[in-house]
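Next come the chains, spelled out residue by residue.
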Amino acid sequence: MTVTVYTKQNCVQCDATKRHLDKLDISYEVIDTTNDMAMVDKLIGLGYRAVPVVIADNDSWAGYNPDKINKLAE
């Protein structure tokens, strides 16, 4: 399974998402969008307006969502 977490600096929800993924031993790639306006524009184009944006093989969402993270571990 491939999991990518789009984050920005000083983001409480981003940090909570990464901690939860770590706790469940789910590997993920982090992409920091803090200084990457092209990536921000791409995420907006996909319909996301907030970080973190989590994109997994069969699901994606914005914000800290423990239920969806738990599903990734199943």
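In what follows, the accompanying structure is described. This is a predicted model, so every value here is computed, not measured. (Residues numbered from 1 in each chain as written. Predicted model: local features only at pLDDT ≥ 70, side-chain atom pairs only at ≥ 80, totals over all residues. Heavy atoms only, no water.)

1. Let's talk about the sheet that holds strand 4 (residues 60–62)
The strand order across the open sheet built from 4 strands is 2-1-3-4, with neighbouring strands paired in mixed fashion. Whereas interior strands pair on both sides, the edge strands pair on one side only; in this sheet they are strand 2 (29–32) and strand 4. Between one strand axis and the next, the sheet turns by 15° as a mean value, whatever way the strands run. Pairing geometry for strand 1 (residues 4–7) and strand 3 (residues 53–55), over 3 bridges, is antiparallel. Paired with valine 5 across the strands is valine 54, a residue of strand 3. (Pairing = 2+ DSSP bridges. Helix = DSSP H or I, 4+ residues; strand = E, 2+ residues; numbered from the N terminus. Axes fitted to C-alpha atoms, helices over the stretch in contact; angles between N-to-C directions.)

2. With respect to the pattern of salt bridges
Under the criterion given, the structure shown has 2 salt bridges. Two residues, lysine 68 and aspartate 59, come together in a salt bridge whose shortest N-O distance is 3.1 Å. Looking at aspartate 59, the relative accessible area reads 28%, which means it is partly exposed. (Salt bridge = Lys/Arg side-chain N within 4 Å of Asp/Glu carboxyl O. Buried < 20%, exposed > 50% of the residue type's maximum accessible area, 1.4 Å probe, protein only.)

3. Some points on the packing of helix 1 (residues 12–23) against helix 3 (residues 66–73)
Where helix 1 meets helix 3, the closest approach of the two axes is 10 Å, and the angle between their N-to-C directions is 25°. One way to sum up the angle between helix 1 and helix 3 is to call them roughly parallel. When the axes of helix 1 and helix 3 are compared, the crossing they make is right-handed. Contacts between helix 1 and helix 3 involve Thr17, His20 and Leu21 from the former and Pro66, Ile69, Asn70 and Leu72 from the latter. (Parallel < 35°, antiparallel > 145°, perpendicular 65-115°, else oblique. Left-handed = near helix turned anticlockwise from the far one by under 90°. Contact = heavy atoms within 4.5 Å.)

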